[in-house]
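As a plain string of letters, each chain reads:
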Amino acid sequence: MRVIAIVNQKGGCGKTTTAVNLAGALAADGNRVLVVDLDPQAHATLALGADPERIDENLYEVFADPDGPGRLPRICIPAGSNLDVAPSGIVLSALEQKLASEPVETRTARLAQALDTLGDRYDFALIDCAPNVGLLTFNALRAAREVIVPLETSFFAIHGVQKLLETIALLAERIGHELQVRILPTLYDGRTRYARQTLGEIREMFKDLCFDTVIRQNVKLREAASRGRPINAVARSANGAHDYAALAIEVAASAPDVALQPLVTDDSPSREVVVRFRDTRATDVRIAGDFNGWVPDKGVRSLIEAEGETRIWTKILHLAPGRYQYRYVVDGEWREDPDNPDGVASQVGGRKISKTSCTTSSRSRSAPRILPASARPARRRWRCRSSPFPSRAATWCARRSHGT
Ligand SMILES: Nc1ncnc2c1ncn2[C@@H]1O[C@H](COP(=O)(O)OP(=O)(O)OP(=O)(O)O)[C@@H](O)[C@H]1O
Ligand SMILES: [Mg+2]
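The paragraphs below set out a description of the structure included in this document.

Here is what the cut-offs are and how they apply
Residues numbered from 1 in each chain as written. Chains lettered and ligands numbered in written order. Predicted model: local features only at pLDDT ≥ 70, side-chain atom pairs only at ≥ 80, totals over all residues. Heavy atoms only, no water. Helix = DSSP H or I, 4+ residues; strand = E, 2+ residues; numbered from the N terminus. Buried < 20%, exposed > 50% of the residue type's maximum accessible area, 1.4 Å probe, protein only. Near = heavy atom within 4 Å. Polar contact = N/O pair within 3.5 Å; in protein donor to acceptor, adjacent residues only side chain to side chain. Areas by Shrake-Rupley, 256 points an atom, 1.4 Å probe, with all protein chains shown as cover. Pairing = 2+ DSSP bridges.

**A few points about unusual backbone geometry**
In this structure, Ala-42 takes a positive phi of about 60 degrees despite not being glycine. The topology assignment puts Ala-42 in the loop between β2 (33-38) and α2 (43-47). By relative accessible area, which is 2% here, Ala-42 ends up buried. The backbone phi angle of Leu-187 is positive, close to 50 degrees, even though this residue is not glycine. Mapped onto the elements, Leu-187 comes out in the loop between β7 (180-186) and α10 (193-206). Overall, the relative accessible area of 28% leaves Leu-187 in the partly exposed class.

**A look at the site of ligand 1**
Around ligand 1, 18 residues are found, and the nearest of them are Lys-15, Thr-16, Thr-17, Arg-216 and Asn-218. In this structure, Gly-12 approaches ligand 1 through a main-chain N or O atom, which is 2.9 Å from an oxygen atom. Between ligand 1 and the protein, one listed contact pairs an oxygen atom with a backbone N or O atom of Gly-14 at 3.1 Å. Relative to its free-state accessible area of 620 Å², ligand 1 is covered by the protein chains to the extent of 84%. Looking at the shell around ligand 1, the elements that each hand over two or more residues are α1 (15-28) and α11 (219-226).

**Here we look at the pairing of strand β9 (residues 271-279)**
Judged by how many residues are buried, β9 sits mostly within the fold: 7 of 9 residues are covered. Across 9 bridges, the pairing between β9 and strand β12 (residues 310-319) is antiparallel. When the bridges of β12 are listed, Phe-277 appears paired with Trp-313.

Now the structure itself:
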């Protein structure tokens, strides 16, 4: 189970919105997800349709009782398909005082112990933290290996986050394990020059720490919260749903232990491979595969051309000879390559998959030549050590042409 803490001491920057909607998007992709509401305000609990006032047992018992950690599986409430919430309540605000006499070592390890009791019940636990770095947030950082810091695209937000990153680094040192921290720009209003400039500064400042995905302002996110559902359950085509779907792809693709690893090293040079996706309605088309760690458009040169009403997204990839898996992300949704005729639909774990294969036949920038799967080269393969999307990927072979 990947445990991800969503942390920022600044209020209102989108922590809860991110916990709930990233959870919804990961769950829709077939992951089993638990949202751990570690904020006494209980906003995540509410945004997932549970009323904190009517819940008998919440995380307070898990923290306060000596046998509490073992109670976590019992307090989890279903909040949708593949999605549960460990609820909070205002009573959590009394925990700091209640546990004050316990040694730091034990009172900060409660959540980690509790999550351990879940075994392999979930693929992801997303912890929504309160806007402070107190006992509960410390518990979250101890339990997690990854941290997402939602960052409102505004000047003051950037100013405060440096301090937070220093605090996290300090805590990680005390905890004794590494934390992979990433910044998520939120509440972005691309219509204003100010927001565009600020986003540029955030990217410049945090570079690779910053997600490619940006969460745009979208009123549907507020509406979904008030209806107690993740946005993808109530407004699938809203920008907010697209943005969190894209974030889910990026998160799923960037597990700390996922790395591109050549099975057979090859000193041959990489070559340009050009693929094209045609559509009249799509507004955003990206390509993700094991060649770019499943991060949409990472390391890819992208051009948009027009052919009458139809827009053509041209993706230029640099690939060493090998076998690759890829898919398109069209307005936040996974799609097979419609121009790859070798697609085969089948069912794995109830989900539709398709497999295709092709080889490049020349050095030049040309569309890949499609060959039957049996023509795949057995040698020169690359693969993701643990491919995040084995069931939804197309397979693509790029092969050194004869005589080169
Ligand atoms: N991308 C967005 N577009 C529009 N509204 C948003 C967006 N993200 C968050 N909001 C709204 O902004 C408010 C604050 O968001 P949220 O509750 O997620 O922040 P938070 O960091 O969890 O706040 P707190 O620190 O109080 O827990 C909420 O009303 C939420 O619906
Ligand atoms: Mg919140």
